[in-house]
Amino acid sequence: MSSNEEPVPAMGAAAPARPGLADQLRGARVGVVGLGRTGQAVIEALETLGARVHAFDTRAAGLDALTRPVARATAGTAEEIAGALEEADLGLLIVSPGVPATGPVLTRAAGLGLETWSEVELAWRLQGSAASGQAPWLTLTGTDGKTTTVTMLAQILQAAGLRAPAVGNIGTPVIEAVLSGGAQALAVELSSFQLHTTHSLSPLASACLNLAADHLDWHGGMEAYAADKARIYQGTRRAAVYSTADAATERMVRDADVVEGCRAVGFTLGVPGLGQVGMVEDLLVDRAFHDRRADHGVELATTADLAHLAPTGRAEDLPAHLLADALAAAALARAAGVHAQAVAQGLRAFTPGAHRSATAAQGGGVTWVNDSKATNPHAAQAALSALPEGRGVWIVGGDTKGASLHELVGAVRSRLRGAVVIGKDQSQALAALEAQAPGLPVTTIADAEPQALMEAAVRAAAAMARPGDTVLLAPACASWDQFSSYAQRGDLFAEAARAAAQRAEQRTAQVPGAGGGQEA
């Protein structure tokens, strides 16, 4: 392996512009469904193009929040909005990511033959038709790890001196970045919801990190969910990045309609083969994006550059899924011509977002970890698998979104001391625990208002925990049944965990010679 980096190609030219968007939309009747932050930005863009906007929202408050004039505004149920589409005589419909693929709005739009775009599709077409050209897009999706990876990617690009914000499903709508201008590249996180109505995107490089059952109720089944995830690779120009550990992502690349010359690039936790990025002992190594890749690797970073992400702060305790995310981010950045030094610098600068395997508190020998962002079984398994055998107290439950928890419980049973079950409907979680973890101590928490609910869950978890244990909030479910968001769920957990840890420390201090305590 060589430590001297070979030349890498410069960032590619922008995709060909598509003139005529303004001509297409000037005076056209365009429907916008969903008037949150993204919808408002869409309306702003449409206004600049001279479109006549008909705004729809299931909340009357959404109409009240309009900051731009529209030709018409309608509030009603999804069924009522679907019924209003034909009357509106629209030429185009732009929908928010929350509009279900199998719901009445998109079903009626399809029946009417109404062209339907996502905000991402509009942003791509808008930037592609701009006289100033288009900043290259580096896009990624996956069931889990998207936000971590796209933030790592943005940090790496910025370390290389590029103005490259992380946008999309991470919180900042892509359309906002396009309207504001100034970006030299965009690190774009895309959900399956957004990809469902995105059609002409042609990114410089793209990646699907992994595929596991999630949002099956929204898509109507696993096959439809996988098909929407696979859209990430369509039109990719330089590198289609996939996980060698996930055969589904490799199949997506194999079947993708990419631009001629685009290469498949795998990322692996093993030693990388030709055309891959991977690990050689504690080194992150590139054998895909340099001239001597046939027989040499280029060192991109070391696990020490990521040690701050491990629960213990030690590189040897770095969770495997975070290492995989770093390799994927590095591959996308290398596709954009970023040098190795910037990869290491960007990874050192990366800090995880809230509610993603974040240590919330420590006290009485117990560590409290907030992974409220683990809203599906695949994400929860990654978090739980990092725990020592038999030392985890798991807070689980919520809206399963149509996914089964049985396989998850079977996979992590050995890591658990006990489980605390939340959620309005606890039947699926309890059935999985009973079938796959018989004899495991389980406490159920009755439905209540959010703060009281989480305080009760934390008390129950503290009663189970012993010194050396980790209490992990990794619900494997969405939060919507009992909380306003996964963020609220995580914030309330962290607050209650800090109080529990403080009480445990106080009790320990009151017992002469005690080395740890537990919540009673």
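On a predicted model such as this, the values are computed, not experimentally measured, just so you know.

Chemist: Help me out: how do you make sense of the overall build of the protein in this one?
Modeler: Of the regular secondary structure elements, the protein holds 19 helices and 20 strands. Whereas a compact globule of 520 residues would reach a radius of gyration of roughly 24 Å, the protein reaches 24 Å, a difference of no more than 12%. Projected onto its principal axes, the C-alpha coordinates of the protein cover approximately 80 × 60 × 35 Å. Across the 520 residues in the protein, those meeting the buried criterion constitute 55%. For the protein, the proportion of contacts with a sequence separation of at least 24, taken over those separated by at least 6, is 66%. Element-wise, carbon and sulfur atoms account for 49% of the exposed surface of the protein, whose accessible area totals about 20300 Å². Separation between the mean location of the 39 positive side-chain charges and that of the 52 negative ones in the protein comes to 2 Å.

Chemist: Can you help me understand helix H15 (residues 377–385) in this one?
Modeler: Every buried residue of H15 is listed here: Pro377, Ala379, Ala380, Ala383 and Leu384. For H15, the arc enclosing every buried residue in end-on projection is 160°, short of the 170-degree limit, so these residues lie on one face. For H15, the secondary structure elements touched by its buried residues are strand E17 (392–396), helix H16 (406–412), strand E18 (416–421) and strand E20 (470–473). Here H15 starts with a cap whose side-chain oxygen sits 3.1 Å from the backbone nitrogen of His378, and that cap is Asn376.

Chemist: What is the right way to look at the UniProt feature "binding site: ATP" (unreviewed entry) in the protein in this model?
Modeler: Taken from the UniProt record, the annotation "binding site: ATP" (unreviewed entry) applies to Gly142, Thr143, Asp144, Gly145, Lys146, Thr147 and Thr148. Position of Gly145 relative to the elements: it lies in the loop between strand E6 (137–141) and helix H7 (146–159). Once you skip the residues sitting within four places of it in the chain, Gly145 turns out to touch Leu209 and Asp325. Of note, Thr148 is situated in helix H7.

Chemist: What should I look at first to understand the nonpolar core in this one?
Modeler: Among soluble globular proteins, nonpolar side chains are generally buried collectively. Within the largest apolar cluster, 51 residues are counted, with the highest numbers of intra-cluster contacts made by Leu153, Leu157, Leu284 and Leu347. No other element matches the 12 residues that helix H13 (residues 320–335) contributes to this core. Apart from the residues within four sequence positions on either side, Leu347 is in contact with Met152, Ile156, Leu284, Ala301, Asp305, Leu306, His308 and Ala326. Formed by 47 residues, the second largest nonpolar core is a distinct cluster that contains Leu35, Leu122, Ala226 and Tyr242.

Chemist: Help me out: how do you make sense of the pairing of strand E4 (residues 92–95) in this one?
Modeler: Residues in a regular strand project their side chains so that they alternate between the two faces of the sheet. In E4, alternate side chains face the same way, and those of Leu92 and Ile94 on one face and Leu93 and Val95 on the other are all buried. Of the strand pairs in this sheet, strand E1 (residues 29–33) and E4 are connected by four bridges, and their pairing is parallel. Bridged to Val32 within E4 is Ile94. Sheet topology note: the E4/strand E5 (residues 116–118) ladder contains three bridges and is parallel. Across the sheet, the residue bridging to Ile94 is Trp117, located in E5. With helix H5 (residues 104–112) bridging E4 and the parallel E5, this β-α-β connection has right-handed handedness.

Chemist: Could you clarify how one ought to interpret the packing of helix H2 (residues 37–48) against helix H6 (residues 119–128) in this entry?
Modeler: Across the interface, H2 lies against H6 with an axial gap of 11 Å and an inter-helix angle of 35°. When the axes of H2 and H6 are compared, the crossing they make is left-handed. Packed against H2, whose contacting residues are Thr38, Val42, Ala45 and Leu46, the element H6 presents Glu119, Leu122 and Leu126 at the interface. Here the contact of H2 with H6 is composed, by residue class, of five nonpolar, one polar and one charged.

Chemist: What should I look at first to understand empty space enclosed by the protein in this one?
Modeler: One way to see where empty space is left: roll a probe the size of a water molecule over the atoms. The final tally for this structure, using the stated rule, is four cavities of 30 Å³ or more. Considering only enclosed or pocket space, the largest cavity measures out at about 60 Å³ in volume. Considering the residues around the largest cavity, the lining is formed by 13 residues, among which Val95, Ser96, Pro97, Phe193 and Thr197 are closest to the centre. Breaking the lining of the largest cavity down by element, the ones donating at least two residues are H6 and helix H9 (192–196). With three residues, the top contributor of residues to the lining of the largest cavity is H9. Class assignment of the residues belonging to the lining of the largest cavity gives a composition of seven nonpolar, five polar and one charged.

Chemist: So what exactly am I meant to see when it comes to the pattern of salt bridges here?
Modeler: Two side chains bearing opposite charge may form a pair once their charged atoms approach each other closely. Inspection of the entire model under this criterion finds 17 salt bridges. With its nearest N and O atoms 3.3 Å apart, the salt bridge here joins Glu87 to Arg72. You can see Glu87 sitting in helix H4 (residues 78–88) and its partner Arg72 sitting in strand E3 (residues 72–75), a full 15 residues away along the chain. The salt bridge involving Arg314 is made with Asp317; its shortest N-O contact spans 2.7 Å. Exposure remark for Asp317: the relative accessible area of 29% places this residue in the partly exposed category. Look at the salt bridges and you will find they share partners, linking Glu44, Glu47 and Arg68 into a network.

Chemist: Would you mind showing me how to read the environment of Asp89 here?
Modeler: Within the secondary structure, Asp89 sits in the loop between H4 and E4. On the basis of relative accessibility, which here comes to 47%, the residue Asp89 falls in the partly exposed class. Each C-alpha atom of the pair Asp89 and Gly31 lies 9.4 Å from the other, and the pair is 58 residues apart in sequence. Separated by 2.8 Å, the side chains of Asp89 and Arg29 make a polar contact.

Chemist: Sorry, what's going on with the environment of Glu299 here?
Modeler: Along the chain, Glu299 falls in strand E14 (residues 298–302). C-alpha of Glu299 to C-alpha of Ser372: the two residues are 73 residues apart in sequence and 34 Å apart in space.

Chemist: Help me out: how do you make sense of the side chain of Asp481 in this one?
Modeler: If you trace the backbone, Asp481 turns up in the loop between E20 and helix H19 (486–510). From its side chain, Asp481 meets the backbone nitrogen of Lys424 in a polar contact 3.0 Å long. Residue contacts for Asp481: discarding those within four places in its chain leaves Gly398, Asp399, Gly423 and Lys424.

The rules we used
Residues numbered from 1 in each chain as written. Predicted model: local features only at pLDDT ≥ 70, side-chain atom pairs only at ≥ 80, totals over all residues. Heavy atoms only, no water. Helix = DSSP H or I, 4+ residues; strand = E, 2+ residues; numbered from the N terminus. Rg over C-alpha atoms; globule rule 2.2 N^0.38 Å. Buried < 20%, exposed > 50% of the residue type's maximum accessible area, 1.4 Å probe, protein only. Contact = heavy atoms within 4.5 Å. Areas by Shrake-Rupley, 256 points an atom, 1.4 Å probe, with all protein chains shown as cover. Lys, Arg positive; Asp, Glu negative; His and termini not counted. Charge placed at Lys NZ, Arg CZ, Asp CG, Glu CD. Arc of directions from axis to C-beta. Polar contact = N/O pair within 3.5 Å; in protein donor to acceptor, adjacent residues only side chain to side chain. UniProt positions renumbered as here; feature names shortened; annotations may be inferred. Core = buried A, V, L, I, M, F, W, Y, C linked by side-chain atoms within 4.5 Å. Pairing = 2+ DSSP bridges. Right-handed = clockwise from strand over helix to strand, strands pointing away. Axes fitted to C-alpha atoms, helices over the stretch in contact; angles between N-to-C directions. Left-handed = near helix turned anticlockwise from the far one by under 90°. Nonpolar A, V, L, I, M, F, W, Y, C, P; charged D, E, K, R; others polar. 1 Å grid on protein atoms, 1.4 Å probe; cavity = no way out; pocket = protein on both sides within 12 Å on 5 of 7 lines; lining within 4 Å. Points joined across faces, edges and corners; volume = space filled by probe spheres on them. Salt bridge = Lys/Arg side-chain N within 4 Å of Asp/Glu carboxyl O.

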